[in-house]
Amino acid sequence: MNVLQDSLLELIRRTSTEIPDDVHKAILGALEREKQGTIAASAMKIIEQNIALAKTKSQPICQDTGSIIFYVDCPMGFDQIGFEQAAREAVKMATRKGFLRQNSVDSITGRNDGTNVGPGSPILHFHQHAPEEVSVRLVLKGGGCENVGAQYSLPNEKLKANRDMDGCRKVILDAVLQAQGKGCGPGILGVCIGGDRATGYEFSKQQFLRKLEDSNPNPDLDKLERDIVDTANKLGIGPMGFGGRTTLLGAKIGVLNRLPASYFVSISYMCWAYRRQGVALDFAGRIQKWLY
Amino acid sequence: MIQLTTPVSEADVRSLKVGDEVAITGTVFTGRDAVHKYLHEGGLLPPGVSFQGGVLYHCGPVIIKDEQDSWKCVAAGPTTSIREEPYQWQVIRDFGLRGVIGKGGMGERTVEACKQYGCVYLHAVGGAAQVLAECIKRVPNVYFMEQFGAPEAIWEFQVVSFPAVVTIDAHGNSLHKEVLAVSQAELAKYL
């Protein structure tokens, strides 16, 4: 193991076993809001116990350790090939240690070689930036919440959703309704308005890098984000779809330009087990600080 | 909290209703996508596995070998059950299940099968892999490991006080149907 591999293994371990502070705070708020004695309150209590236990035992919060998505911001001249190799090795090691489930399956043969490394796994996004620092963010996104993601093409006649902000609002709330408890709510939405089908979904996932307590710098989107959370929490879907007061912990919405002919709204759903962490690395690959 | 011990009798199952919180003790087998498709296509359960009066758990656990070379369950929460909707009714009918543990609820065919054959759907808290793994005291056996891979294999768990909520009972009631109807009506007010 080289230094970079060690750092990435530690990033994976911590992402899989410890919930970020901003998410934990939101979960504690939801626990307080649920009416005592309901099954929704029981579910939130179990969630809270689970978060503590995972951290203490250094074991995965959820057994579905999900798609392994790295976002790497790096300076000019950074060795991306070397990084990718180190990431693959760290993923294999994390799987052997039980921080990740054997979670990557050949789509044709159904074979699972148990390494978590193969075509499309792990996923790496590199982005070049001006600072000398390398920052690596990791999201582990489980399959249950991934399956309730949705992409709408506007106009949508059935939902009476036109090509405007109100139309976006309608389809986003429809996605919440369709998801019910299947995505392990209370959930967090990442949304992209615009883009093509691929970049739309991709950008919707990038919204999960934002902290829950931040505000959207675009006032229209900020208003929509707050409205989506407030309205969703009036629907009575609740934790696990048991009925209750908290259906969403947050909604983060980004926007990309679109073609005149296309108007996509892409929605990714993140479960309460929102596993996201990041590190700033020095030149040698040592962890300098944690980003969340 | 209602105690439920395997094997479960039909009378015990029929006495449960939607919203009941239960604690399950005894033997639980895991089975998810690959196992359901296999059984649906006429596959047989391996020797040593019986679902009669039993409880099936929609779960793909994280399991490693400990220092004594025994299986150790590191994380084991429920997976989304609705993917088994095309098959579940048949598995309940043909293999004598009394309980199915999962998350997210199931559809009309499963609700009907629960009513007709005497079975309940037990909702565990999704994502609570550590709290639930604590209830798994022993992992005596695994079946179909080579064929289906670790998450999709049939794992035999000895569980004590495994917590779940009845969200589909054996009388045709489904909490999932109720919550969907309520939330649909609520949403209409805000559009």
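Residues numbered from 1 in each chain as written. Chains lettered and ligands numbered in written order. Predicted model: local features only at pLDDT ≥ 70, side-chain atom pairs only at ≥ 80, totals over all residues. Heavy atoms only, no water.

A closer look at the overall build of chain A
Right, on to step 1. When its secondary structure is counted, chain A shows 8 helices and 9 strands.
Right, on to step 2. By its C-alpha atoms, chain A is 55 × 50 × 40 Å across when sized along the principal axes.
Right, on to step 3. Expressed as a percentage of its 292 residues, the buried residues of chain A come to 58%.
Right, on to step 4. Across chain A, contacts joining residues at least 24 apart in sequence account for 77% of those joining residues at least 6 apart.
Right, on to step 5. When the accessible surface of chain A is totalled, it reaches about 12300 Å², and 51% of it is carbon and sulfur. (Helix = DSSP H or I, 4+ residues; strand = E, 2+ residues; numbered from the N terminus. Buried < 20%, exposed > 50% of the residue type's maximum accessible area, 1.4 Å probe, protein only. Contact = heavy atoms within 4.5 Å. Areas by Shrake-Rupley, 256 points an atom, 1.4 Å probe, with all protein chains shown as cover.)

Considerations on the packing of aromatic side chains
The description of two aromatic rings rests on the distance between their centres and on the angle between their planes.
Residue and element names in this part refer to chain B.
Right, on to step 1. Scanning the model with the defined rule gives 11 aromatic pairs over all chains in all.
Right, on to step 2. Ring geometry for Tyr 38 and Phe 144: centres 5.0 Å apart, planes at 65 degrees, overall edge-to-face. Taken together, the residues span a long stretch of sequence, with Tyr 38 in helix α2 (residues 33-40) and Phe 144 in the loop between β8 (136-143) and α6 (145-148) at a distance of 106 residues.
Right, on to step 3. Where Tyr 57 meets Phe 162, the ring centres are 5.2 Å apart and the plane angle is 75 degrees; that geometry is what we call edge-to-face. (Phe/Tyr/Trp six-rings, centres within 6.5 Å; stacked < 30°, edge-to-face > 60°.)

Considering the sheet that holds strand β8 (residues 275-281) of chain A
Residue and element names in this part refer to chain A.
Right, on to step 1. Strand order in the open sheet formed by 5 strands is β2-β1-β3-β8-β9, and the pairing between neighbours is mixed. Across the chains shown, the open sheet's two edge strands, defined by having one partner strand only, are β2 (123-128) and β9 (287-290). Adjacent strand axes in the sheet meet at a mean angle of 20 degrees, parallel and antiparallel pairs treated alike. (Pairing = 2+ DSSP bridges. Axes fitted to C-alpha atoms, helices over the stretch in contact; angles between N-to-C directions.)

Some points on the domain arrangement of chain A
Residues and elements named next belong to chain A.
Right, on to step 1. You can read the domains of chain A as domain 1 (3-15 + 61-142 + 275-290) and domain 2 (144-270).
Right, on to step 2. Using only C-alpha atoms to locate each centre, domain 1 and domain 2 end up separated by 26 Å.
Right, on to step 3. The partner domain 2 presents 14 residues to the 10 residues of domain 1 that form the contact.
Right, on to step 4. Here domain 1 packs against domain 2, burying approximately 920 Å² in sum over the two surfaces, 60% of which is carbon and sulfur.
Right, on to step 5. On the domain 1 side of the interface with domain 2, the three residues burying the most area are Tyr 71, Lys 141 and Arg 276, jointly 60% of the side's total. (Domains from an automatic or database assignment. Buried area = accessible area lost by both parts, 1.4 Å probe.)

Quick word on the nonpolar core
Right, on to step 1. Counting 103 residues, the largest nonpolar core has Leu 189 and Trp 272 of chain A together with Ile 24 of chain B as the members making the most contacts within it.
Right, on to step 2. If one sorts the elements of this core by residue count, helix α6 (residues 165-179) of chain A sits on top with 8 residues.
Right, on to step 3. Residues from two domains meet in this core; each of domain 1 (3-15 + 61-142 + 275-290) and domain 2 (144-270) of chain A gives at least three.
Right, on to step 4. Core analysis: the next-biggest nonpolar cluster, separate from the first, contains 25 residues, Phe 83, Ala 90, Leu 140 and Leu 281 of chain A among them. (Core = buried A, V, L, I, M, F, W, Y, C linked by side-chain atoms within 4.5 Å.)

Some points on the pattern of salt bridges
Right, on to step 1. Under the criterion given, the structure shown has 29 salt bridges over all chains.
Right, on to step 2. Close ionic contact of Lys 57 of chain A with Glu 134 of chain B constitutes a salt bridge, the shortest N to O distance being 2.6 Å. On the criterion of chain membership, the pair formed by Lys 57 of chain A in helix α3 (residues 39-57) and Glu 134 of chain B in helix α5 (residues 129-134) is interchain, its members lying in two chains.
Right, on to step 3. For Lys 57 of chain A, a relative accessible area of 36% gives the class partly exposed.
Right, on to step 4. Residue classification places Glu 134 of chain B among the partly exposed positions, given a relative accessible area of 35%.
Right, on to step 5. One salt bridge connects Glu 186 of chain B with Lys 189 of chain B, and the closest N-O pair in it is separated by 2.8 Å. Of this pair, Glu 186 of chain B and Lys 189 of chain B both sit in helix α7 (residues 175-189), 3 residues apart, which is roughly one turn of the helix.
Right, on to step 6. A single salt-bridge network, built from bridges that share partners, covers Glu 10, Arg 13, Arg 14 and Glu 18 of chain A. (Salt bridge = Lys/Arg side-chain N within 4 Å of Asp/Glu carboxyl O.)

Examining the pairing of strand β5 (residues 187-193) of chain A
Residues and elements named next belong to chain A.
Right, on to step 1. Summarising burial for β5: 7 of the 7 residues are buried, a large majority.
Right, on to step 2. The pairing of β5 with strand β6 (residues 248-255) spans 7 bridges and is parallel. Of the residues in β6, the one forming a bridge with Ile 188 is Gly 250.
Right, on to step 3. Of the strand pairs in this sheet, β5 and strand β7 (residues 264-270) are connected by 6 bridges, and their pairing is antiparallel. Residue Gly 190 lies in a different strand from β7, and its bridge partner there is Ser 268.

Quick notes on helix α3 (residues 85-95) of chain B
Right, on to step 1. Within α3 of chain B, the full set of buried residues consists of Glu 85, Tyr 87, Gln 88, Gln 90, Val 91, Ile 92 and Phe 95 of chain B.
Right, on to step 2. Where α3 of chain B ends, the next residue or the one after it, Gly 96 of chain B, has phi of about 75 degrees, a positive value.

Focus on the side chain of Thr 79 of chain B
Right, on to step 1. Note that Thr 79 of chain B resides in the loop between β5 (71-75) and α3.
Right, on to step 2. Those residues in contact with Thr 79 of chain B that lie beyond four places of it in its chain are Arg 32, His 58, Cys 59, Gly 102 and Lys 103 of chain B.

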